[in-house]
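Residue strings, one per chain:
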Amino acid sequence: MAEDIATAGDIVIAGGGLAGATAAKTLRAEGFAGPVTIIGAERHHPYLRPPLSKEYLLGKAAEDAVPVVPPGWYAENDVGLRLGARVTGIRPGARTVELDDGSTLAYGSLLLATGATPRTLRLPGSDLAGVSTFRTLDDSRRLRSRLAEGGMNVVMIGSGWIGMELAAAAATYGNNVTLLGLEEIPLAGAIGPDLGRFFR
Ligand SMILES: Cc1cc2nc3c(=O)[nH]c(=O)nc-3n(C[C@H](O)[C@H](O)[C@H](O)COP(=O)(O)OP(=O)(O)OC[C@H]3O[C@@H](n4cnc5c(N)ncnc54)[C@H](O)[C@@H]3O)c2cc1C
């Protein structure tokens, strides 16, 4: 595998999440010695999202528990990291990507590891202060400091795992939480009605 990849030249990874950082780690672990650059739209080193709605949100884990690899790993392994930079265009013919600062970067192989974004509700009022989606470390930081004040009325929309975890965390901080979901029994589609009832 490393041989096939090595012939492809410089590797550019668009997206600095778990997939992007793990790809870089695996390339080095499997012996790829060529240039690897990760371009990540967020300002943070690639991090794990699961603690954001659990231990970190509850104040039981610090931010240094969140990175995919220690921040020093990238320089030690000669992996370029451009944080706060977004890929805005791909020119496959020229084998270049365009970044939001106007620069371009050449690649031999390009990995798209751009992940997912929350589905937003385009409703009147959805852009007001106090209304937000949840996915990033910055979202978790912001919500943690607000929820920790306690005594607020909090409405969560979405009764999947993340909505349930956020509702549990908000209640633990002493807030009044209402969870709105499409399903009568939360998580029933994922784990069946019996377990869903248990979590409800
Ligand atoms: C709150 C929360 C809790 C979770 N808990 C669990 C759990 O308990 N168990 C579990 O298995 N999974 C959990 N997940 C899911 C898991 O975190 C995801 O599967 C994982 O984050 C996917 O990683 P990824 O690298 O593919 O994508 P992402 O984490 O979405 O990372 C993609 C990155 O690419 C960046 N990006 C996007 N577009 C561009 C662009 N054009 N240019 C440059 N960068 C770009 C984004 O800003 C982002 O940083 C949770 C997710 C969330 C949000």
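These figures come from a predicted structure and were not determined experimentally.

(A) The layout of surface pockets, seen in detail. Taken as a whole, the largest pocket encloses approximately 1700 Å³ of empty space. If you trace the largest pocket, you find 45 residues lining it, with Ser 132, Thr 133, Phe 134, Met 156 and Ile 157 closest to the centre. Mapped by element, the contributors of at least two residues to the lining of the largest pocket are helix H4 (137-147), strand S8 (153-157) and helix H5 (161-172). Across the lining of the largest pocket, the residue classes tally to 22 nonpolar, 14 polar and 9 charged. Each of domain 1 (2-112) and domain 2 (137-199) contributes no fewer than three residues to the lining of the largest pocket. Along the wall of the second largest pocket there are 27 residues; nearest its centre are Ala 41, Glu 42, Arg 49, Thr 114 and Ala 116. When residues of the lining of the second largest pocket are traced back to their parent elements, those giving at least two are helix H2 (18-29) and strand S2 (36-40). Residues belonging to the lining of the second largest pocket are distributed by class as follows: 13 nonpolar, 8 polar and 6 charged.

(B) Expanded view of the domain arrangement of the protein chain. Domain boundaries assigned for the protein chain yield domain 1 (2-112) and domain 2 (137-199). Here domain 1 and domain 2 have C-alpha centroids that lie 31 Å from each other. Of the roughly 1200 Å² buried where domain 1 meets domain 2, counting both sides, 56% is carbon and sulfur surface. Taken together, domain 1 and domain 2 are joined by 3 salt bridges. Along the lines of polarity and charge, the residues of the side of domain 1 that touches domain 2 split into 6 nonpolar, 3 polar and 4 charged.

Quick notes on the rules
Residues numbered from 1 in each chain as written. Predicted model: local features only at pLDDT ≥ 70, side-chain atom pairs only at ≥ 80, totals over all residues. Heavy atoms only, no water. 1 Å grid on protein atoms, 1.4 Å probe; cavity = no way out; pocket = protein on both sides within 12 Å on 5 of 7 lines; lining within 4 Å. Points joined across faces, edges and corners; volume = space filled by probe spheres on them. Helix = DSSP H or I, 4+ residues; strand = E, 2+ residues; numbered from the N terminus. Nonpolar A, V, L, I, M, F, W, Y, C, P; charged D, E, K, R; others polar. Domains from an automatic or database assignment. Buried area = accessible area lost by both parts, 1.4 Å probe. Salt bridge = Lys/Arg side-chain N within 4 Å of Asp/Glu carboxyl O.

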